[in-house]
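Here is how the chains run, residue by residue.
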Amino acid sequence: MTPLAGCLLVSALLFSVGLAGALTRRNAILVLAGIELMLNAANLNFIAFWRFGPHPEYLTGLMFVIFSIAVAAAEAAVGLALILAIYRHARTSDVSEMTEMKG
Amino acid sequence: MGMTVSFLILAIMTLAGGVAAMTLRRLVHCALALAVAFAGLAALYLNLGAEFAGLAQLLVYVGAVAILIVFAILLTPARPGDEAEKVFSPAGPAGAVLALAVFAVLAGAVMTSSAARQAAGGAVPQTTMREIGFALMQRYVLPLEVVALMLTAAMIGAVILAMRERRAVPGSTVGQSPELRA
């Protein structure tokens, strides 16, 4: 197995773990954590393709990861603020109890 | 050239952290395991020769996102009655099966791909901070500005969303402090 395939497999595994968490956990914060894990798995793919690709000197994968980290940080901040707002309203962070869009 | 031992150790650490973060019962333990997974990923980036991305990952994820998640967990305590034994949602088994199916498809695609089999993986690319800076300021300057604008908007949006509403509508409990309502 080449190093690239190893990286891609680790990334696929991490993505599946994140997906499983996002789909199975009740707590909204952990659903967000699962989504973060999936984003990180995608970042690992970018780094792996940059490292083992034919033209690493163009820095494309590296730049994509840097921008992706910034976008993911913004997403985490807004997502957690949304969870806090919903918690203040409904007194729960259980996604299976969040059944109303209008309080 | 196979995978190095350090890569395997870091990959196992990252995956163990991820699995623990998604399966542990106590939420604070989950957040700590998530920090371990993020740190393992940062070490993987460093191992692959992407120093800047690795350190950015360490700063942003371990330093900020993990702490933010801990704060969110501490700010949303469960009600005394329903803490126990309801960790997974009723649709949990279906979600796990779906995630397994996704992994099977991805792993099959990776194992049969010719690109992954014949990737050379030569010497570690030598990128200096100077080159990254030039790339950010020249070729990627527009995305950089857009990201700056987006971060500002996200910060303001997060503050507005999480801000306590000051004036409560008469007759409604929205916006009152929890002590008043309870």
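Please read these numbers as outputs of a predicted model, since none were measured by experiment. Just so you know, the residues in each chain are numbered from 1, in the order the chain's sequence is written. Chains and ligands are labelled by the order in which they are written, letters from A for the one and numbers from 1 for the other. Note on the predicted model: pLDDT of at least 70 is required for a residue's local features to be given, and 80 or more for side-chain atom pairs to be given and counted; whole-chain, interface and lining totals, by contrast, use all residues.

### Focus on the overall build of chain B
Reasoning step 1: Each helix is a run of DSSP H or I of at least 4 residues and each strand a run of E of at least 2, with the numbering of both proceeding from the N terminus. The helix and strand tally for chain B stands at eight helices and zero strands.
Reasoning step 2: The helix and strand sequence of chain B, counted from the amino end, reads α-α-α-α-α-α-α-α.
Reasoning step 3: Counting other C-beta atoms within 10 Å of a residue's own tells you its class, since 20 or more makes it buried, 12 or fewer makes it exposed, and anything in between is partly exposed; those C-beta atoms are placed from the backbone. Across the 182 residues of chain B, 23% fall into the buried class.
Reasoning step 4: At a minimum sequence separation of 6, the contacts of chain B that also span at least 24 residues come to 45%. Any two residues are considered in contact once their C-beta atoms, placed from the backbone, lie within 7 Å.

### Concerning the interface of chain B and chain A
Reasoning step 1: Counting residues at the interface gives 74 residues for chain B and 65 residues for chain A.
Reasoning step 2: Taken together, the elements giving at least two residues each to the side of chain B that touches chain A come down to helix H1 (5-23), helix H2 (27-47), helix H3 (51-75), helix H4 (92-112), helix H5 (114-118), helix H6 (129-137) and helix H7 (141-162) of chain B.
Reasoning step 3: It is H3 of chain B that contributes the most residues to the side of chain B that touches chain A, twelve residues altogether.
Reasoning step 4: For the side of chain B that touches chain A, the per-class residue count stands at 58 nonpolar, twelve polar and four charged. Gly is placed with the polar residues, together with every amino acid not listed as nonpolar (Ala, Val, Leu, Ile, Met, Phe, Trp, Tyr, Cys and Pro) or charged (Asp, Glu, Lys and Arg).

### Concerning H1 of chain B
All names here are of chain B.
Reasoning step 1: Each residue after the first adds 1.5 Å to the expected span of a helix. Over its 19 residues, H1 runs 27 Å from end to end, which matches the ideal 27 Å to within 8%, given 1.5 Å per residue.
Reasoning step 2: Listed as buried for H1 are Leu10, Ala11, Thr14, Gly17, Gly18, Ala21 and Met22. End-on view of H1: buried residues confined to an arc of 130 degrees, all on one side of the axis. H1 presents Val5 and Ile12 as exposed residues on the side facing more than 90 degrees away from its buried surface. As used here, the arc is the angular range of directions from the helix axis to the C-beta atoms.

### A closer look at the nonpolar core
Reasoning step 1: A set of buried residues qualifies as a nonpolar core if it consists of Ala, Val, Leu, Ile, Met, Phe, Trp, Tyr and Cys joined through C-beta atoms within 7 Å. The biggest cluster of nonpolar side chains holds 78 residues, and the ones touching the most others in it are Ile29 and Ile47 of chain A together with Leu34 and Ile69 of chain B.
Reasoning step 2: Those elements that place two or more of their residues in this core are helix H1 (3-24), helix H2 (28-52) and helix H3 (60-90) of chain A together with H1, H2, H3 and H4 of chain B.
Reasoning step 3: Those residues in contact with Leu34 of chain B, other than ones at most four positions away along the chain, are Ala33 of chain A together with Gly17, Ala21, Ala66 and Ile69 of chain B.

### Side note on unusual backbone geometry
Residues and elements named next belong to chain A.
Reasoning step 1: At Leu59, a position not held by glycine, the phi torsion is positive, near 65 degrees.
Reasoning step 2: Along the chain, the position of Leu59 falls in the loop between H2 and H3.
Reasoning step 3: Backbone geometry places Arg91, a non-glycine residue, at a positive phi of 55 degrees.
Reasoning step 4: In this structure, Arg91 sits in the segment after H3.

### Description of the packing of H1 of chain A against H4 of chain B
Reasoning step 1: Here the axes come from fitting lines to C-alpha atoms, over the contacting stretch only for helices, and the angles between their N-to-C directions go from 0 to 180 degrees. With their axes 8 Å apart at the nearest point, H1 of chain A and H4 of chain B run at an angle of 165 degrees to one another. Comparing the axis directions of H1 of chain A and H4 of chain B gives the class roughly antiparallel. Here H1 of chain A and H4 of chain B pass one another in a crossing that is right-handed. Facing Ala5, Leu8, Leu9, Ala12, Leu13, Phe15, Ser16, Leu19, Ala20, Leu23 and Thr24 of chain A of H1 of chain A, the residues of H4 of chain B in contact are Gly92, Gly95, Ala96, Leu98, Ala99, Leu100, Val102, Phe103, Leu106, Ala107 and Val110 of chain B.
Reasoning step 2: In terms of residue class, the contact of H1 of chain A with H4 of chain B is built from 18 nonpolar, four polar and no charged. If an angle is under 35 degrees, it is roughly parallel; if it is over 145, roughly antiparallel; if it lies from 65 to 115, roughly perpendicular; otherwise it is oblique. The sense of a crossing depends on the near helix, which, turned anticlockwise from the far helix by less than a right angle, makes the crossing left-handed and, turned clockwise, makes it right-handed.

### Overview of the environment of Leu32 of chain A
All names here are of chain A.
Reasoning step 1: Positionally, Leu32 belongs in helix H2.
Reasoning step 2: On the basis of neighbour counts, which here come to 23 C-beta atoms within 10 Å, the residue Leu32 falls in the buried class.
Reasoning step 3: Separated by 51 residues in sequence, Leu32 and Ile83 have C-alpha atoms that sit 9.5 Å apart.

### As for the confidence of the model for chain B
If pLDDT is low for a region, its predicted coordinates should not be looked at in detail.
Reasoning step 1: Summary statistics for chain B give a mean pLDDT of 85 and a share of 83% for residues scoring 70 or more.
Reasoning step 2: Element-level mean pLDDT values for chain B span from 52 in helix H8 (residues 178-181) of chain B up to 95 in H2 of chain B. Along the chain, pLDDT gives the predictor's confidence residue by residue, from 0 to 100.

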